[in-house]
Amino acid sequence: MRRGLLDAPGTVRGIAVEATWLATHVAFYPVGVVSEKLREPADRYTLEGLSPLRRGLLVGDIEAAGTPILLVHGLIDNRSIFTRLRRSLHRRGFGRVATVNLPLFTSDVPSAARRLAAVVETMCEQTGYVRLHIVAHSLGGLVARYYVQKLGGDARVHTLVTLGTPHEGTHLARLLPPMVPYTLLRQLRPDSDVIRELAGPAPGCRTRFVAFSGELDMVVRPTESALLHHPDLSVRNVCLPDVGHHSLPFNIEVVHQIATTLAHLDDTVEYIGIHKERQPESPAQPEAL
C-alpha cells in the first residue's frame, strides 16, 4: 500500500466493509456448494404488483429483461459469492439469473472455459435465447474471457462483466513455489502463456466488456491488472476507490452499474476504446442480505 493510505477514512472504512462482506460470504459458503437448476420465470401478462424498478425495465426493454444472466465464481469458490448480486438483479426486473459452480479445483483456464461453454449452450437451449450475459468474479472472468475470445463464445455472450479479474495476471501467483504442480495458478502470473494468448489479436469479437477493479484489492496485484486493455475489444473500465476483492460482488455501486448496463442492449458502439473510471460520490455501505 502507498504510504499514508491507511490514514484516509475511506480506506479504513473500505477495509472494514471488505472484512464484513468476506465474513458474510464465508457464512453463506456452505449453501452455495449445491448446484442450482435454472428456473423459468412465470409468463407475465400484466404489470400489476411489480415494483417500479421491475416495471420500468419491462416497459423499457422486454428483451433486456428476459435475456439470461449467468453468474460465474472464482477460484476455490462457489455461487454463494453472488447471493446479494443475484437478489438485486431479480429485484430490478431481470427474470433469468442463474449461477454455475465450476469444479472446486479447476485444472487450467482452457478446460474451465470448455466446461463453461457447455453450460452456456445448455442455458441458451433451455431459455430459447441465442445470446446471454455473463457476470464473473475473479478467476471466473478470465475463464469467461477465454471462452469468448478463443472458443467462439462471442457468438453467445452479449456482455461480459468482470469483477476483480486478473486480466493482466497477478503478482500474487508468483508466490507459488516452483515445486507445486498447480497449472492454474501458474496461468495467473503476468507472463503466463494464457495471459499472453488473451492479449493476442481478437478481430471481430462481438462481446462487449465491462471490467471492474477495486483499489483495495489484495488478490489482484497491482489492482490495475483487473482493468482490461485490448485494441480489438469493446471495453468500459471502472475503478472503484476503497473497494476490496470480495466486496465487489456486494458493492451497491457495482450492482447499480451492472443493472444499468444490462438494461440496454443497443449501446455497444459507445464502449469501443473507452477507459472510464467512475468515482462514486460516497463510499457504499454494506446492506443486510
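None of the values given here were measured: they were computed from a predicted structure.

Q: Explain the overall build of the protein chain to me, and be specific about the residues and the numbers.
A: Along its length, the protein chain carries nine helices and six strands. Counting over 289 residues, the protein chain shows a buried share of 53%. Of all intrachain contacts in the protein chain linking residues separated by at least 6 positions in sequence, the fraction that spans at least 24 positions is 79%.

Q: Outline the side chain of N78, listing residues and values.
A: For N78, the location among the structural elements is in the loop between strand 1 (69–72) and helix 4 (83–91). Given a relative accessible area of 3%, N78 falls into the buried group. In this structure the side chain of N78 is engaged in a polar contact, spanning 2.5 Å, whose partner is the side chain of S80.

Q: I'd like to hear about the environment of E63, residue by residue, with values.
A: By the element assignment, E63 lies in helix 3 (residues 62–66). Taking the C-alpha atoms as reference, E63 lies 8.5 Å from L265; in sequence the two are 202 residues apart.

Q: An account of the pairing of strand 2 (residues 97–100) is needed here, citing residue identities and associated values.
A: On strand 2, burial covers both faces: V97 and T99 on one face and A98 and V100 on the other are all buried. Bridge count for strand 1 against strand 2 is four bridges, and the pairing is parallel. Its bridge partner being in strand 2, V72 is matched across the sheet by V100. As a crossover connection, the stretch from strand 1 through helix 4 into strand 2 is right-handed.

Q: Explain the pattern of salt bridges to me, using residue names and the numbers behind them.
A: Tallied over the entire structure, the rule returns three salt bridges. Ionic pairing is found between D154 and R206, a salt bridge with its closest N-O pair at 3.0 Å. Of this pair, D154 sits in the loop between helix 6 (139–150) and strand 4 (157–163) while R206 is found in the loop between helix 8 (193–199) and strand 5 (208–214), placing the two residues 52 residues apart along the sequence. Across the pair D193 and R196 runs a salt bridge, and its minimum N-O distance is 2.4 Å. With D193 and R196 both in helix 8, this residue pair falls three residues apart, about one helical turn. What makes D193 exposed here is its relative accessible area of 57%.

Q: If you had to explain the nonpolar core to someone new, which residues and values would you point to?
A: In globular proteins that are soluble, nonpolar side chains generally tend to be buried together. Residues L70, L116 and I134 are the most contacted members of the largest nonpolar core, which totals 40 residues. Looking at which element gives the most residues to this core, the answer is helix 5 (residues 109–127), with eight residues. Each residue touching L70, except ones within four places of it in the same chain, is listed here: A98, T99, V100, L116, V119, V120, M123, H133, I134 and V135. Formed by 24 residues, the second largest nonpolar core is a distinct cluster that contains I81, F94, V254 and I258.

Q: How would you explain unusual backbone geometry if you had to name every residue and give the values?
A: A cis amide bond, omega -5 degrees, links R221 with the succeeding residue P222. Position of P222 among the secondary structure elements: in the loop between strand 5 and strand 6 (234–240). If you check the backbone angles, S138 has positive phi at about 55 degrees while not being a glycine. In this model, D242 sits at a positive phi of 60 degrees, which is unusual for a non-glycine residue. By the secondary structure assignment, D242 is in the loop between strand 6 and helix 9 (252–262).

Q: Could you give an account of the packing of helix 5 against helix 6, with specific residues and numbers?
A: Relative orientation and spacing of two packed helices are given, respectively, by the angle between their axes and the distance between those axes. Interaxial distance between helix 5 and helix 6 falls to 8 Å at its minimum, and their mutual angle equals 75 degrees. Between helix 5 and helix 6, the interaxial angle falls into the category roughly perpendicular. Residues V109, P110, A112, A113, L116, A117, V120 and E121 of helix 5 pack against L139, L142, V143, A144, Y146 and Y147 of helix 6. Split into classes, the residues belonging to the contact of helix 5 with helix 6 amount to 13 nonpolar, no polar and one charged.

Cut-offs applied
- Residues numbered from 1 in each chain as written.
- Predicted model: local features only at pLDDT ≥ 70, side-chain atom pairs only at ≥ 80, totals over all residues.
- Heavy atoms only, no water.
- Helix = DSSP H or I, 4+ residues; strand = E, 2+ residues; numbered from the N terminus.
- Buried < 20%, exposed > 50% of the residue type's maximum accessible area, 1.4 Å probe, protein only.
- Contact = heavy atoms within 4.5 Å.
- Polar contact = N/O pair within 3.5 Å; in protein donor to acceptor, adjacent residues only side chain to side chain.
- Pairing = 2+ DSSP bridges.
- Right-handed = clockwise from strand over helix to strand, strands pointing away.
- Salt bridge = Lys/Arg side-chain N within 4 Å of Asp/Glu carboxyl O.
- Core = buried A, V, L, I, M, F, W, Y, C linked by side-chain atoms within 4.5 Å.
- Axes fitted to C-alpha atoms, helices over the stretch in contact; angles between N-to-C directions.
- Parallel < 35°, antiparallel > 145°, perpendicular 65-115°, else oblique.
- Nonpolar A, V, L, I, M, F, W, Y, C, P; charged D, E, K, R; others polar.

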